[in-house]
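The lines below spell out each chain.
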Amino acid sequence: MSLLRVPVNSSDHVQGPENAPVTLLEYGDYECPHCGAMHPVVQRVQRCFSSRLGLAYRHFPLTEIHEYAEAAAETAEYAGFYGRFWEAHDMLFQNQDRLGLPLFLAIVRYFELSEQGLRDALAHGTFADKVRRDFLTGVRSGVNGTPTFFINNLRYDGPASYEALVGAIAAQLEYAPTAA
Amino acid sequence: MSQLLAPGTTAPDFRLRVTPDQDLSLSELRGQRVILSFYPADWSPVCGDQITLYNQIRPEFEKYGAEILGISVDGAWCHQAYAKHNHIHFPLLADFHPKGAVAQKYGAYREQDGVCERALFAIDRKGMIFWSYLSPIAVNPGADGILDALESLQNQEK
């Protein structure tokens, strides 16, 4: 059973209360179709547990097979620098079939952020270190593809389905959820 | 489950096709640390499967002076197509004829399925196995075990 070596901390993007009894951490890649398919599932899981669940996301771009994964991750971080990480994150997954600079710029425009700022950040790799750090924590924690989930620091090896994830989280809460 | 060769055992030498017209033998890599990754098949239907994962992580192995080799019973042409499709930058060896013979020497062959186990071996510069791991066939073990093993070897040698 693989353990998360670097627990979720203040440098991570986390949705939900800080002291949530369970934290679900996803290592993902915006260009990975499996992550894209899981995105609405993760959102449903969040709704199921609401304030009892924290959701964290770390980047694990498989750049050898995914041309835009790195730039997409850096775009999310750029938006995150201005407090818009999760909105950008959702937009990237929801528009996964048209990843590329025009989409990244459109996302930035939508938030009324500087397009030139994004171009510069991508050109200079301003957020590349953050993405790399996320990737390396995953490598040392047994991330074995994308998406890989950790529930309270333990790698989740069960099926990538709503029911299975809810079951695993509920087991952590020792509490059966009342609404789906 | 198979019984893998244990740490402390000399890694059996082999010579296998690495491309349709080239062979690679383990002894050619003597002096380097080597990771052998036996795996069931090319083209497993997930992205970020074990081989693409190791391809992405390869620079981390290189920091420990380790070369990684993938081994399955797929033929050299199959490996070539798979490597090209996924931009794999490390050798994929074809344990194709006689089928699975090298995997058998390492205790990493699944007779009932006719494929290699999902098994990992780390071999030191002198050709000695210093770590091995047998993963359930359906579970991609990731790279943390390999990196932990390389790290502890490096610390021992300090």
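Here's a quick rundown of the structure. All of these numbers come straight from a predicted model, not from anything done at the bench.

How each quantity is defined
Residues numbered from 1 in each chain as written. Chains lettered and ligands numbered in written order. Predicted model: local features only at pLDDT ≥ 70, side-chain atom pairs only at ≥ 80, totals over all residues. Helix = DSSP H or I, 4+ residues; strand = E, 2+ residues; numbered from the N terminus. Pairing = 2+ DSSP bridges. Axes fitted to C-alpha atoms, helices over the stretch in contact; angles between N-to-C directions. Parallel < 35°, antiparallel > 145°, perpendicular 65-115°, else oblique. Left-handed = near helix turned anticlockwise from the far one by under 90°. Contact = placed C-beta atoms within 7 Å. Nonpolar A, V, L, I, M, F, W, Y, C, P; charged D, E, K, R; others polar.

Here's the deal with unusual backbone geometry
Residues apart from glycine generally show negative phi values, whereas peptide bonds are mostly found in trans. With an omega of -5°, the peptide bond between Thr146 of chain A and Pro147 of chain A qualifies as cis. If you trace the backbone, Pro147 of chain A turns up in the loop between α6 (128–140) and β4 (148–151). Along the chain, His97 of chain B connects to Pro98 of chain B via a cis peptide bond; the corresponding omega equals -5°. Relative to the assigned elements, Pro98 of chain B resides in the loop between β5 (92–94) and α3 (101–105). The phi angle at Glu112 of chain A is positive, at roughly 60°, despite the residue not being glycine. Among the structural elements, Glu112 of chain A can be located in the loop between α4 (101–110) and α5 (115–124).

Some details on the sheet that holds strand β2 (residues 22–28) of chain A
Two pairing modes exist for strands in a sheet, parallel and antiparallel, and in both the strands are linked by backbone hydrogen bonds. All names here are of chain A. Strand order in the open sheet formed by five strands is β1-β3-β2-β4-β5, with mixed pairing between adjacent strands. Each end of this open sheet is capped by a strand with a single partner; those strands are β1 (13–15) and β5 (154–156). Taken over all neighbouring pairs, the strand axes of this sheet differ in orientation by 25° on average, direction set aside. As paired elements, β2 and strand β3 (residues 53–59) share seven bridges and run parallel to each other. Within β3, the residue paired with Val22 across the bridge is Leu53.

Things to note about the packing of helix α2 (residues 69–81) of chain A against α5 of chain A
The packing of two helices is summarised by the inter-axis angle and the distance between the axes. Residue and element names in this part refer to chain A. Look at α2 against α5: their axes get within 10 Å of each other, and the N-to-C directions meet at 130°. Judged by the inter-axis angle, α2 sits oblique to α5. In this structure, the crossing between α2 and α5 has a hand that is right-handed. Taken together, the residues of α5 that come into contact with α2 (itself represented by Ala71, Glu74, Thr75 and Tyr78) are Leu118, Ala121 and Leu122. In terms of residue class, the contact of α2 with α5 is made up of five nonpolar, one polar and one charged.

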